[in-house]
Protein chains: 2
Amino acid sequence: MTPDRLDHIFSALADPTRRAILARLALGTTSVTELAEPFAMSGPAVTKHLKVLERAGLVIRGREAQWRPCSLDAAPLKEATDWLEHYRRFWEGSFDRLEEYLQDVQKNGEEDV
Amino acid sequence: MTPDRLDHIFSALADPTRRAILARLALGTTSVTELAEPFAMSGPAVTKHLKVLERAGLVIRGREAQWRPCSLDAAPLKEATDWLEHYRRFWEGSFDRLEEYLQDVQKNGEEDV
DNA sequence: TGTTTATTAAACCATAAGGTTATTTAACTA
DNA sequence: TAGTTAAATAACCTTATGGTTTAATAAACA
């Protein structure tokens, strides 16, 4: 995984509208218009959010007549989770931070910064 | 958890310099100068990154003579992970998306969008 | 007291983000 | 063919980001 993939994934998740879009897509594929409906926001604004999600690989777009159905691809969320897992021991407490970190580095290297 | 907390957490994580700073802080508390050392970047730039991390609650700063020791607080990373957990079933495959989503909403509500 | 060291603040710059409205494109429909 | 619907593009605006350099602050040190 290249670092800028994580950049794109995390920055896609940093906006509440985009997180809400993902929550809607978790229900299933839908059109841009239906995605835009709950938001006090113009269509083009939603199109832009979808482009950000697409760049992060979180949304896949199809073609069906004049609609562009959007669906969720959660694979990048797994990448984000995998990165966060490196830090789990820090919020679970009771450990020797330095020692565990060094063990981890020895095992995995630091390619996933 | 308020939505804008997630905004701050995810946008803090969206920059490779900041992720590298977190990786360094996983080794233990250190000074701003030492944090800045690996980067081809001015001191003030690093100070700004630290402010972003601080706003997200990921970095805690102390005071020791003329140094401001920085240390990691991973609690917000748990919040991010908790949010991502909602989507785990989507990357683990083999499920009825709609059904599981509705179960989840029924259990937890949607306060964590 | 004067100087060095660590860090922040201020002012500035270029580009990106998030929004708008108006226009275009593409496909269905009467 | 003309009109409607769905979505994207273009042009624009405002604010945020990520960086710079120069100056200010705060504490240690000679």
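Quick caveat, the model's predicted, so the values are computed rather than measured.

Novice: How would you sum up the interface of chain A and chain B? Please name residues and give values.
Specialist: With 33 residues of chain A at the interface, the matching set in chain B holds 33 residues. The junction of chain A with chain B conceals about 3,100 Å² of combined surface from both sides, 72% of it contributed by carbon and sulfur atoms. For the pair chain A and chain B, the interface holds two salt bridges. Its salt-bridge partner being Asp7 of chain B, residue Arg19 of chain A comes within 2.8 Å of it at the nearest N-O pair. At the boundary of chain A with chain B, the tally comes to four residue pairs in polar contact (both at pLDDT 80 or more). Put simply, the parts of the chain that give the side of chain A that touches chain B at least two residues each are helix H1 (3-13), helix H2 (16-25), helix H5 (75-85), helix H6 (88-92) and helix H7 (97-108) of chain A. In terms of residue count, H5 of chain A provides more of the side of chain A that touches chain B than any other element does, seven residues in total. Classifying every residue of the side of chain A that touches chain B by side-chain character gives 25 nonpolar, two polar and six charged.

Novice: For the packing of H2 of chain A against helix H4 (residues 43-55) of chain A, give the residues involved together with the corresponding values.
Specialist: Residue and element names in this part refer to chain A. Look at H2 against H4: their axes get within 10 Å of each other, and the N-to-C directions meet at 75°. One finds that H2 runs roughly perpendicular with respect to H4. Residues Thr17, Arg18, Ile21 and Leu22 of H2 touch H4, and the partners they reach there are Val46, His49, Leu50, Val52 and Leu53. The residue makeup of the contact of H2 with H4, split by class, is six nonpolar, two polar and one charged.

Novice: Could you give an account of the pattern of salt bridges, with specific residues and numbers?
Specialist: Residue and element names in this part refer to chain A. Evaluation of the coordinates by the stated rule reveals twelve salt bridges over all chains. Between Arg88 and Glu92 there is a salt bridge; the shortest N-O distance is 3.1 Å. Of this pair, Arg88 and Glu92 both sit in helix H6, four residues apart, which is roughly one turn of that helix. The class for Arg88 is partly exposed, based on a relative accessible area of 25%.

Novice: So what about the protein's contact with DNA strand D? Which residues, and what values?
Specialist: If you check the shell around DNA strand D, you find 22 residues, and the closest are Thr33 and Thr47 of chain A together with Ser42, Lys48 and His49 of chain B. Sugar plus phosphate: this is where 80% of the atoms of DNA strand D within 4 Å of the protein reside. Here Val32 of chain A contributes a backbone N or O atom positioned 3.3 Å from a phosphate oxygen of DNA strand D. Among the secondary structure elements, those contributing two or more residues to the surface near DNA strand D are helix H3 (32-36) and H4 of chain A together with helix H4 (43-55) of chain B. Among the elements that take part in the surface near DNA strand D, H4 of chain B stands out by supplying five residues, more than any other. Residues of the surface near DNA strand D, tallied by class, amount to seven nonpolar, seven polar and eight charged.

Novice: How would you summarise the relation of the copies chain A and chain B if you had to cite specific residues and measurements?
Specialist: Superposing the two chain copies requires a rotation about an axis and a translation along that axis. Placing chain A over chain B gives an RMSD of 0.0 Å and needs a rotation angle of 180°, together with 0.0 Å of translation along the axis. Such a combination of turn and shift is consistent with a two-fold rotation axis. When you check the interface residues of chain A against chain B, 100% turn up at the interface there too, and the contact is symmetric in its surfaces.

Novice: For the protein's contact with DNA strand C, give the residues involved together with the corresponding values.
Specialist: As a structural note, the neighbourhood of DNA strand C is formed by 23 residues, with Ser42, Lys48 and His49 of chain A together with Thr33 and Arg61 of chain B the closest of them. Among the atoms of DNA strand C close to the protein, meaning within 4 Å, 75% are from sugar or phosphate groups. Between a phosphate oxygen of DNA strand C and a side-chain N or O atom of Arg18 of chain A, the distance comes to 3.0 Å. At a separation of 2.5 Å, a phosphate oxygen of DNA strand C approaches a polar side-chain atom of Ser42 of chain A. At five residues, the largest contribution of residues to the surface near DNA strand C is made by H4 of chain A. Partitioned by chemical class, the residues of the surface near DNA strand C number seven nonpolar, seven polar and nine charged.

Scoring rules and cut-offs
- Residue numbering note: each chain is counted from 1, following its sequence as written.
- Written order decides the labels, with chains lettered from A and ligands numbered from 1.
- Where local features are concerned, this predicted model is filtered to residues with pLDDT of at least 70; where side-chain atom pairs are given and counted, the filter is 80 or more; whole-chain, interface and lining totals use all residues.
- Remark: hydrogens and water are excluded; side-chain values derive from all non-hydrogen atoms of the structure.
- Contacts were defined at the residue level, with two residues in contact if any of their heavy atoms lie within 4.5 Å.
- Two parts placed together each lose some accessible area; with a 1.4 Å probe, that loss summed over both constitutes the buried area.
- Just to be clear on terms, a salt bridge is a Lys or Arg side-chain nitrogen sitting within 4 Å of an Asp or Glu carboxyl oxygen.
- Side-chain atoms alone can form a polar contact between residues adjacent in sequence; in general such a contact is a pair of N or O atoms within 3.5 Å, and within protein one must be able to donate a hydrogen while the other accepts it.
- Comment: elements are numbered from the N terminus, with helices defined as DSSP H or I runs of at least four residues and strands as E runs of at least two.
- For this classification, Asp, Glu, Lys and Arg are treated as charged, while Ala, Val, Leu, Ile, Met, Phe, Trp, Tyr, Cys and Pro are nonpolar and the rest, including Gly, are polar.
- To get an axis, fit a line to the C-alpha atoms, keeping to the stretch in contact for a helix; angles then go from 0 to 180 degrees between the N-to-C directions.
- Roughly parallel means an angle under 35 degrees; roughly antiparallel, over 145; roughly perpendicular, 65 to 115; everything else is oblique.
- Accessible area is worked out with a 1.4 Å probe on protein chains only. A residue is then buried under 20% of its type maximum, exposed over 50%, and partly exposed in between.
- Near is defined per residue: the residue qualifies when any heavy atom it owns lies within 4 Å of the molecule or strand.
- Here the copies are superposed with least squares, the fitted atoms being C-alpha atoms of residues at a pLDDT of at least 70 in both.

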